[in-house]
Amino acid sequence: MMQVRRAPTYSGFCGGVKRAWNRAIKASQTGEETIYLSGKLIHNTPAMRELASLGVRELSETDIAEGNLEGRTIIMRAHGEGPVAFADAEARGFKVIDATCPIVTAVQKIAVQLENDGYQVVIFGHRNHPEARATVAYTDHGFIIETLEEAQALPHYEKLASIAQTTVLQADYVDLVEVLRTKADHYEDRGRICGWTLHAQDEAVALASSVEMMVVVGGRDSSNTIQLVRVSEPHCPTLHIETVDELTVEMFAGRSVVGLAAGASTRESDIAAVISFLEAIPAAVPSLVEA
Ligand code: SF4
C-alpha cells in the first residue's frame, strides 16, 4: 500500500484555532437557536459548514436589517476584529465572545505601542486578510504592505517599525526587513511569525524533501496553508486540497511515498479521510526513497 508520511507535530488545528473552535462549539450548546460569527471563524470551508450545521454562522446584512439582536451571542473570529467591530457589536447589544487568537491580540498591542512611541507602523501581510486588516485598524496611521516593491517605493521616515501577519512566509519577511532598514533613521523590526506557522513550514520542507509527492490539506483561503504549499512545491509535486473528494487514484500513479501536511484550521477528520484514501492505494512501484 501507499506509504503516507504526515508532518509529525504541526498539522491540523493550532492552539489559536482550537481555542476559537472550542468556544464556538460550547456556544452552540447553550440552547440559542443561532450563534453569530463576526466573519469566518477560521479559514476552512468544511469546518465552517460543520459550524453552520450547529447553528453557528456569519452575521449577515439581512440579520442586521431585521434587528432584534439584543442579547444574542456573537463570536469574534480567530483572526481578530478591529475596535469598530467590537464597538458595533456592543452597541447592538450582542453578548460578545472574543475568539481572537492571543498571539494575534499580542501583535495588535505591539502595533498600538509602536505608534504611541512615534513610529510609522507597517504590517507585512495580505491586504484582504482579516488579520492584517484588523491589526491595522488598531492604529491611526498604520498600513499594510504586501510586496518588496511596495517597501522599496516607501519614502524615508524618521521612525519606522514593521510587524507581520502571523502566517506569512518567514523568508519573505526577512527580505522585507532588509529593505525597510534603509527607509528610516530609526527602524524597529517587531515582526514575529507565529511559532506554529514556522514549525509547520519547517516540517513541510523536511517532508517534501523526503517523499515523491505532497498533499497539503487546508482551506483555499487559508494563508498558512498556502505557505505550506509554497514551501513544498520546490521539492516535489504538491497538491493543495480542502477535502478528500478532490483526490483521485490516478493522481498518484507511479508513487509509493506521499507526504501529508495540513493547515492550522484543518479538522482532524479531514486529515484522517485523506490518509485513509491514500493508504488504500496500492503502491505502484517500490519506494525510491529511503525510509
Ligand atoms: S496560526 Fe498561530 S497566530 Fe494563527 S491562529 Fe494559529 S496559533 Fe494563532
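Residues numbered from 1 in each chain as written. Predicted model: local features only at pLDDT ≥ 70, side-chain atom pairs only at ≥ 80, totals over all residues. Heavy atoms only, no water.

**Topic: the overall build of the chain**
Along the backbone of the chain there are 11 helices and 12 strands. Relative to the 2.2 N^0.38 estimate, which gives 19 Å for 291 residues, the radius of gyration of the chain is 21 Å and therefore close to what a compact globule would have. On the principal axes, the C-alpha backbone points of the chain span a range of 60 × 55 × 25 Å. Scored against the burial criterion, the 291 residues of the chain give a buried share of 51%. As displayed, the chain offers around 13,200 Å² of accessible surface, 52% of which is attributable to carbon and sulfur atoms. Positive and negative side-chain charges in the chain, numbering 25 and 39 respectively, have mean positions lying 3 Å apart. (Helix = DSSP H or I, 4+ residues; strand = E, 2+ residues; numbered from the N terminus. Rg over C-alpha atoms; globule rule 2.2 N^0.38 Å. Buried < 20%, exposed > 50% of the residue type's maximum accessible area, 1.4 Å probe, protein only. Areas by Shrake-Rupley, 256 points an atom, 1.4 Å probe, with all protein chains shown as cover. Lys, Arg positive; Asp, Glu negative; His and termini not counted. Charge placed at Lys NZ, Arg CZ, Asp CG, Glu CD.)

**Some words on the domain arrangement of the chain**
Here the domain parsing of the chain yields domain 1 (3-12 + 196-279), domain 2 (15-100) and domain 3 (103-194). The distance between the C-alpha centroids of domain 2 and domain 3 comes to 28 Å. Domain 2 puts 10 residues into the contact, and the matching count from domain 3 is 9 residues. Summing both sides of the interface, domain 2 and domain 3 together bury roughly 680 Å²; the carbon and sulfur share of this comes to 64%. Per-residue buried area on domain 2 facing domain 3 is highest for His79, Pro83 and Thr100; these three make up 56% of the total on that side. (Domains from an automatic or database assignment. Contact = heavy atoms within 4.5 Å. Buried area = accessible area lost by both parts, 1.4 Å probe.)

**Quick look at the environment of Asn128**
Within the element layout of this structure, Asn128 appears in the loop between strand S6 (120-124) and helix H6 (130-137). With a relative accessible area of 68%, Asn128 lands in the exposed category. In this structure the C-alpha to C-alpha distance between Asn128 and Ile144, which are 16 residues apart in sequence, comes to 9.6 Å.

**Some thoughts on the sheet that holds strand S1 (residues 3-6)**
One key point about sheets: their strands pair by backbone hydrogen bonds, in either a parallel or an antiparallel sense. Strand order across the open sheet formed by 4 strands is S1-S12-S10-S11, with parallel pairing between neighbours. At either end of the open sheet lies a strand with only one pairing partner, and these are S1 and strand S11 (238-241). In this sheet, adjacent strand axes meet at a mean angle of 25 degrees when their direction is disregarded. As paired elements, strand S10 (residues 213-217) and strand S12 (residues 257-262) share 5 bridges and run parallel to each other. From the neighbouring strand, Val215 faces S12, where its bridge partner is Leu260. (Pairing = 2+ DSSP bridges. Axes fitted to C-alpha atoms, helices over the stretch in contact; angles between N-to-C directions.)

**Remarks on the packing of helix H1 (residues 15-28) against helix H2 (residues 45-53)**
It is at 10 Å that the axes of H1 and H2 come closest, and there the two elements cross at 20 degrees. Classified by the angle between their axes, H1 and H2 sit roughly parallel to one another. When you trace H1 past H2, the crossing you get is left-handed. Residues Trp21, Ala24 and Ile25 of H1 form the contact with H2, whose participating residues are Ala47, Glu50 and Leu51. Residues of the contact of H1 with H2, tallied by class, amount to 5 nonpolar, no polar and 1 charged. (Parallel < 35°, antiparallel > 145°, perpendicular 65-115°, else oblique. Left-handed = near helix turned anticlockwise from the far one by under 90°. Nonpolar A, V, L, I, M, F, W, Y, C, P; charged D, E, K, R; others polar.)

**A few points about the sheet that holds strand S8 (residues 157-164)**
Here we have 4 strands laid out as an open sheet, ordered S7-S6-S8-S9, and parallel in their pairing. The open sheet has two edge strands with one neighbour each: strand S7 (143-145) and strand S9 (184-189). Between one strand axis and the next, the sheet turns through 30 degrees on average, direction left out of account. When S6 meets S7, the two strands line up parallel, connected through 3 bridges.

**With respect to the side chain of Asn44**
One can find Asn44 in the loop between strand S2 (35-37) and H2. The exposure class of Asn44 is buried, given its relative accessible area of 1%. At 3.2 Å, the side chain of Asn44 forms a polar contact with the backbone oxygen of Ser265. Excluding residues within four positions of it along the chain, Asn44 makes contact with Gly218, Gly219, Asp221, Ser265, Thr266 and Asp270. (Polar contact = N/O pair within 3.5 Å; in protein donor to acceptor, adjacent residues only side chain to side chain.)

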